[in-house]
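An overview of the molecular structure
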Amino acid sequence: MELKEFKNRNISEDYVVVQEDNYPKTNWDAFKQVLARSIKGELFVGMKITFGIMYRALFKGEMATVQYPKEKLPIGPRYRAVHKLLRLLESGEERCIGCGLCEKICISNCIRMETRIDENSRKEVMQYTINMGRCIFCGYCAEVCPELAIVHGGRYENASEQRAHFSLKEDILTSADGLGMQLEFDGYGSVSKDADKKIKKTPLSY
């Protein structure tokens, strides 16, 4: 193709030329056009559908919309929302052993933890923070955790007026009072629902 033909934008035969003469030029012409289109019935068909939906919503309770925030749609079990730190169901102790794998694998570099050796010569997690402003909710921290201590919960409303919004350990850790309402992660490697029947009790004496 030559440069002259390339500059010619009308070389294609598929172009449709808009007839500008058909547009109404006066208000009376515009009124006649609206009247002619209304008589065809498209307007009344749309109004029939609209009033039908309104009637079912007002008198039959068939609402097509969710009344947010009073009503919320259910979220899938694998949805990656704000993190949660879980506890052991038997003793209520924290599952996190302070290995630091979640901090190392975090590609957003938003997880920080501080640990110390307690009086029992075991590692104890003192502080655990997640910068929600940097987190991309990739789920790597939950996948790499060997104890299933950190998982993604269902709380997706984490808007904040502060840009440097941090989530402290106390905010995401399951409270001791709410241990009975703690939902187990049902992914790979999680505790099965019939685990109590499968696991044999350890005898007290050998």
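Figured I'd write up the structure that's included with this text. None of the values given here were measured: they were computed from a predicted structure.

1. Regarding the overall build of the protein
Counting its secondary structure elements, the protein contains seven helices and five strands. Seen in sequence order, the protein has helices and strands lined up from the N terminus as α-α-α-β-α-β-β-α-β-β-α-α. Of all 206 residues assigned to the protein, the portion counted as buried reaches 22%. Restricting to contacts in the protein with at least 6 residues of sequence separation, those with at least 24 account for 66%.

2. Comments concerning the pattern of salt bridges
Considering all chains together, one arrives at four salt bridges under this definition. For Asp-29, the salt bridge is made with Lys-32, and the minimal N-O distance between the two is 3.7 Å. Within this pair, Asp-29 and its partner Lys-32 are both found in helix H2 (residues 27-39), separated by three residues, close to a single helical turn. You can call Asp-29 partly exposed: its relative accessible area is 30%. Owing to a relative accessible area of 41%, Lys-32 belongs among the partly exposed residues under this scheme. Measuring nitrogen to oxygen at the nearest pair gives 2.8 Å for the salt bridge that ties Glu-124 to Arg-116. For Glu-124, a relative accessible area of 29% gives the class partly exposed. The exposure class assigned to Arg-116 is partly exposed, which follows from its relative accessible area of 36%.

3. Some words on the packing of aromatic side chains
Aromatic ring pairs are reported here in terms of the distance separating the ring centres and the angle at which the planes meet. In this structure the tally under the stated criterion is two aromatic pairs. Considering the side-chain rings of Tyr-55 and Phe-59, the 5.2 Å spacing of their centres and the 40° angle between planes classify their relative orientation as tilted. With Tyr-55 and Phe-59 both in helix H3 (residues 42-59), this residue pair falls four residues apart, about one helical turn. Take Phe-59: its relative accessible area is 64%, and that puts it in the exposed class.

4. With respect to H3
Its 18 residues give H3 an end-to-end C-alpha distance of 26 Å, which sits within 8% of 26 Å, the value for a rise of 1.5 Å per residue. Downstream of H3 by one or two residues, Gly-61 has phi in the positive range, about 70°.

5. Digging into the side chain of Thr-174
Of note, Thr-174 is situated in the loop between helix H6 (169-172) and helix H7 (195-198). According to the relative accessible area criterion, Thr-174 is buried, its value standing at 11%.

6. Side note on the pairing of strand E2 (residues 111-117)
Note that E2 and strand E3 (residues 123-131) share seven bridges and pair antiparallel. Counted as the bridge partner of Arg-112 is Thr-129 from E3. From the end of E2 to the start of E3, which pair antiparallel, there are five residues, and Ser-121 there has a positive phi angle of about 60°.

Conventions adopted
- Residues numbered from 1 in each chain as written.
- Predicted model: local features only at pLDDT ≥ 70, side-chain atom pairs only at ≥ 80, totals over all residues.
- Heavy atoms only, no water.
- Helix = DSSP H or I, 4+ residues; strand = E, 2+ residues; numbered from the N terminus.
- Buried < 20%, exposed > 50% of the residue type's maximum accessible area, 1.4 Å probe, protein only.
- Contact = heavy atoms within 4.5 Å.
- Salt bridge = Lys/Arg side-chain N within 4 Å of Asp/Glu carboxyl O.
- Phe/Tyr/Trp six-rings, centres within 6.5 Å; stacked < 30°, edge-to-face > 60°.
- Expected span 1.5 Å × (residues − 1).
- Pairing = 2+ DSSP bridges.

Note that all results are geometric; they support no functional claim without further evidence.
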